[in-house]
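Here is how the chains run, residue by residue.
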Amino acid sequence: MEDVEIPKERYDSLVFVGIRRNGTVEFIKVYGKNKEKAMEVLEEFFFRRGLHPADFVVIEQGKEDVSGRAMISTRTERELSASLAKLGLKLISNGVLYTSGKDTIYQITAVSKTLLPEIKARGQEVDLEEGSIKIDLSEVQGYPYIEKLKLFELREDVLVENKASIDLEEFLNNIIKGNVKIPAYIDLDHHRILVYDGIFHERISNLADYVIVRIPVIYWDAYSDDISDFELKEIGKNLYTAPLFLKASKGYLILNEPPIGLVQKLLSIKRRGYFRFKLEGKRYELPVDFILVVETRDSSKYTDMNFPILILLPELHASEIERLISTKLGVKPSIPTVGSIPKELRTVSAVENIVRLVEKLKAKSPNKDIDELIDDAIAMMTGGI
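Below is a short write-up of the structure. (Residues numbered from 1 in each chain as written. Predicted model: local features only at pLDDT ≥ 70, side-chain atom pairs only at ≥ 80, totals over all residues. Heavy atoms only, no water.)

## Digging into the sheet that holds strand S13 (residues 185-188)
Part 1: Ordered in space as S13-S14-S19-S18, the four strands form an open sheet in which the pairing is mixed. Among the strands making up the open sheet, the edge pair consists of S13 and strand S18 (233-236). Taking the axes of each pair of neighbouring strands and ignoring which way they run, one obtains an average angle of 30 degrees across the sheet. (Pairing = 2+ DSSP bridges. Helix = DSSP H or I, 4+ residues; strand = E, 2+ residues; numbered from the N terminus. Axes fitted to C-alpha atoms, helices over the stretch in contact; angles between N-to-C directions.)

Dropping the structure here:
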């Protein structure tokens, strides 16, 4: 492999380094055309410099958006250079990376274990680990009512009348791209509130007292979850777990058929911009930042709450069901067959049930016509068999 320290024009990788005056490497950021290339270059850099990987902590890795950027160099990274300068580091690189024709490239960012305590002591963070939030609809073109669902791009509170039974949690997880920085915990006097939760958060990396996570999409169902999830819960002496709306910080909180009082409470907290509570008689306030999504089959229960956006997802049309079944089974059913599906079953979840039943019936009767199999599946769903 070529020497990764030679400055030159590059097209598949680039290395940024933050060094002290004595030449000690404290910060490394590697770009590669893919993950494999980035790992290869990072390992080569460690070898060339005589550095031990165990002395560094990866604080971020993943794809980075470079659409609209022709190149990456120290000149284009002034904010990064300024952040490192505050820590007494100089930013250098092994050249210029031309990104023409690329929408994303892979990057790995690591800092030395000696630098992390210094960042914490100074009360500073090198803001490299938190990427911009993006909405990418390229992977969900098969979803019904995609034009209506595009309204999630506006990142406003949404009331969704979901008679089509579209899986909103899955949809949002598919379209939302990016990482955010949340506190691992919040210390208030001698109390500690845990914000990071491995059940709800997908951790990318750690940095001092913060955790880098995939943008949270938290789903709460009134039929199976507990209303106490929206209160502080004491789990040990002076140790608490945060309510769901704090765990959903910088992300989305989806509530399925929530009590009206809960929705009013959350909207009120959002309007104020903070969560007010008491611990041992002392009043505290914590800022909030989340998008509220209320999912229901009857939007009239919540229409007087002034949601900025109302999305109506009615039962699917026969043509939509035909398209979904065709996509999943690879065989186009007839319109009359699809038209026999009762209106109340013209939903995405019902289509998934039909497809699953048809596949099982097909295994038992491989020579049977697809429309007959669909008719049999519908009959099973409606009690006709």
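The rest of the description comes next.
## With respect to the side chain of Ser-73
Part 1: Among the secondary structure elements, Ser-73 is positioned in the loop between strand S5 (71-72) and helix H2 (78-85).
Part 2: Take Ser-73: its relative accessible area is 5%, and that puts it in the buried class. (Buried < 20%, exposed > 50% of the residue type's maximum accessible area, 1.4 Å probe, protein only.)

## Concerning the environment of Phe-45
Part 1: Looking at the element boundaries, Phe-45 is found in helix H1 (residues 35-49).
Part 2: With 123 residues separating them along the chain, Phe-45 and Leu-168 place their C-alpha atoms 43 Å apart.

## Observations concerning the sheet that holds strand S3 (residues 25-32)
Part 1: Across the sheet, five strands lie side by side as S4-S8-S3-S2-S6; this open sheet has antiparallel pairing. Edge positions in the sheet fall to strand S4 (56-65) and strand S6 (90-93), since each has one partner strand and no second. Strand after strand, the sheet turns through a mean of 15 degrees between neighbouring axes, direction not considered.
Part 2: One ladder, built from nine bridges, connects S4 with strand S8 (residues 104-112); its direction is antiparallel. Across the sheet, residue Gly-62 finds its bridge partner in S8, namely Gln-107.
Part 3: Packing against the sheet, H1 makes contact with strand S2 (13-19), S3, S4, S6 and S8, and its axis sits at approximately 145 degrees to S3.
Part 4: Each of S2, S3 and S6 is contacted by H2, which is oriented at about 135 degrees to S6, the strand it contacts most. (Contact = heavy atoms within 4.5 Å.)

## Section: the pairing of strand S12 (residues 179-183)
Part 1: Taking burial as the measure, the five residues of S12 include four buried ones, the bulk of the element.
Part 2: Both S12 and strand S16 (residues 210-214) contribute to a ladder of five bridges, which runs antiparallel. Within S16, the residue paired with Asn-179 across the bridge is Arg-214.

## Re the nonpolar core
Part 1: Counting residues in hydrophobic clusters, the biggest one holds 82 residues, and the most contacted among them are Phe-152, Phe-171, Phe-245 and Leu-253.
Part 2: By residue number, the principal contributor to this core is helix H10 (residues 348-364), which donates six residues.
Part 3: Residues Leu-80, Leu-91, Leu-97 and Leu-116 belong to the second largest nonpolar core, which totals 17 residues. (Core = buried A, V, L, I, M, F, W, Y, C linked by side-chain atoms within 4.5 Å.)

## Describing the environment of Tyr-274
Part 1: Here Tyr-274 is to be found in strand S21 (residues 274-279).
Part 2: For the pair Tyr-274 and Ile-385, spaced 111 residues apart in sequence, the C-alpha to C-alpha distance is 55 Å.
Part 3: At 2.6 Å, the side chain of Tyr-274 forms a polar contact with the side chain of Arg-276. (Polar contact = N/O pair within 3.5 Å; in protein donor to acceptor, adjacent residues only side chain to side chain.)

## Thoughts on the packing of helix H8 (residues 318-329) against H10
Part 1: Close contact between H8 and H10 brings their axes to 10 Å; oriented N to C, the two are set at 40 degrees. When the interaxial angle is binned, H8 and H10 end up oblique. Of the two elements, H8 crosses H10, and the hand of that crossing is right-handed. Residue-level contacts link Ile-321, Leu-324, Ile-325, Lys-328 and Leu-329 of H8 to Val-348, Val-351, Glu-352, Ile-354, Val-355, Val-358 and Glu-359 of H10.
Part 2: Across the contact of H8 with H10, the residue classes break down as nine nonpolar, no polar and three charged. (Parallel < 35°, antiparallel > 145°, perpendicular 65-115°, else oblique. Left-handed = near helix turned anticlockwise from the far one by under 90°. Nonpolar A, V, L, I, M, F, W, Y, C, P; charged D, E, K, R; others polar.)

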